[in-house]
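As a plain string of letters, each chain reads:
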Amino acid sequence: MTTGQKIKKLRQSRNLSQKELGIMSGLSEPAIRNYELGNRTPSAQQLEKIASALNVSVYAISDPEIDDYVGVLHTLFELEETYGLTATKIDGVLCLKFDGTTKNGTLPKMLALWYEKKEQLAAGEITHEEYDSWCQRYPLSHAEESHKSLSAKRKKN
């Protein structure tokens, strides 16, 4: 979700018009409209004003940042809303899991592929360089592996 979409969602959840949010934040109605439409990007100072007016953290409306722990947590909040990510404990260990509401099951399949690569790395079946290359090239690397696998199956038949 973009910064503008987040601003709009929070503004609407508080039953505020763009004009009202503009007044509360000391910005113009056209500025709020342009941020929400994605025509303009608010500066850090403008984001602070909007966040204050909405009574939220600036992290709640800014683009995801993973340079600090608060940014990571807000990124996880966004993943919760978008993909059903939840924090849980399994045998006393804090874990992250998806609740199964992901679109078409695509994300769980991708995570399963990632898990498989991590298992191959742990088992010494692939090197750290091969693992890093797989990550950096994904999804291209997965498509190439699938193609090789299908080709090998066809040759057997």
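A quick note: this is a predicted structure, and the numbers were derived from the prediction, not measured.

S.K.: Could you give me a rundown of the pairing of strand 2 (residues 93-98), with the residues and numbers involved?
M.R.: Pairing geometry for strand 1 (residues 85-90) and strand 2, over six bridges, is antiparallel. Bridging across to strand 2, Thr86 finds its partner in Lys97. Here strand 1 folds back onto strand 2, and the loop between the two strands holds two residues, one of which, Asp91, carries a positive phi near 50 degrees.

S.K.: A description of the packing of aromatic side chains should follow, citing residues and the corresponding values.
M.R.: Given two aromatic rings, one states the distance between the centres and the angle between the planes to describe the pair. Considering all chains together, one arrives at one aromatic pair under this definition. Ring geometry for Trp134 versus Tyr138: centroids 5.2 Å apart, planes at 50 degrees, classification tilted.

S.K.: Requested: an account of the side chain of Thr3, with residues and values cited.
M.R.: Summarising the element assignment, Thr3 is placed in helix 1 (residues 3-13). Here Ile61 takes part through its backbone oxygen, which lies 3.2 Å from a polar atom of the side chain of Thr3. With sequence-adjacent residues up to four places away left out, Thr3 is seen in contact with Pro42, Leu47, Ile61, Ser62 and Asp63.

S.K.: How would you sum up unusual backbone geometry? Please name residues and give values.
M.R.: Between Tyr138 and the following residue, Pro139, the backbone shows a cis peptide bond with an omega angle of 10 degrees. Position of Pro139 among the secondary structure elements: in the loop between helix 7 (128-137) and helix 8 (140-156). Look at Asn55: it is not a glycine, yet its phi comes out positive at around 60 degrees. With respect to the helices and strands, Asn55 occurs in the loop between helix 4 (44-54) and helix 5 (69-83). Under the relative-accessibility criterion, Asn55 is labelled exposed at 69%. Here the phi dihedral of Asp91 falls at roughly 50 degrees; this positive angle occurs in a residue that is not glycine. In this fold, Asp91 is placed in the loop between strand 1 and strand 2.

Parameters at a glance
Residues numbered from 1 in each chain as written. Predicted model: local features only at pLDDT ≥ 70, side-chain atom pairs only at ≥ 80, totals over all residues. Heavy atoms only, no water. Pairing = 2+ DSSP bridges. Helix = DSSP H or I, 4+ residues; strand = E, 2+ residues; numbered from the N terminus. Phe/Tyr/Trp six-rings, centres within 6.5 Å; stacked < 30°, edge-to-face > 60°. Polar contact = N/O pair within 3.5 Å; in protein donor to acceptor, adjacent residues only side chain to side chain. Contact = heavy atoms within 4.5 Å. Buried < 20%, exposed > 50% of the residue type's maximum accessible area, 1.4 Å probe, protein only.

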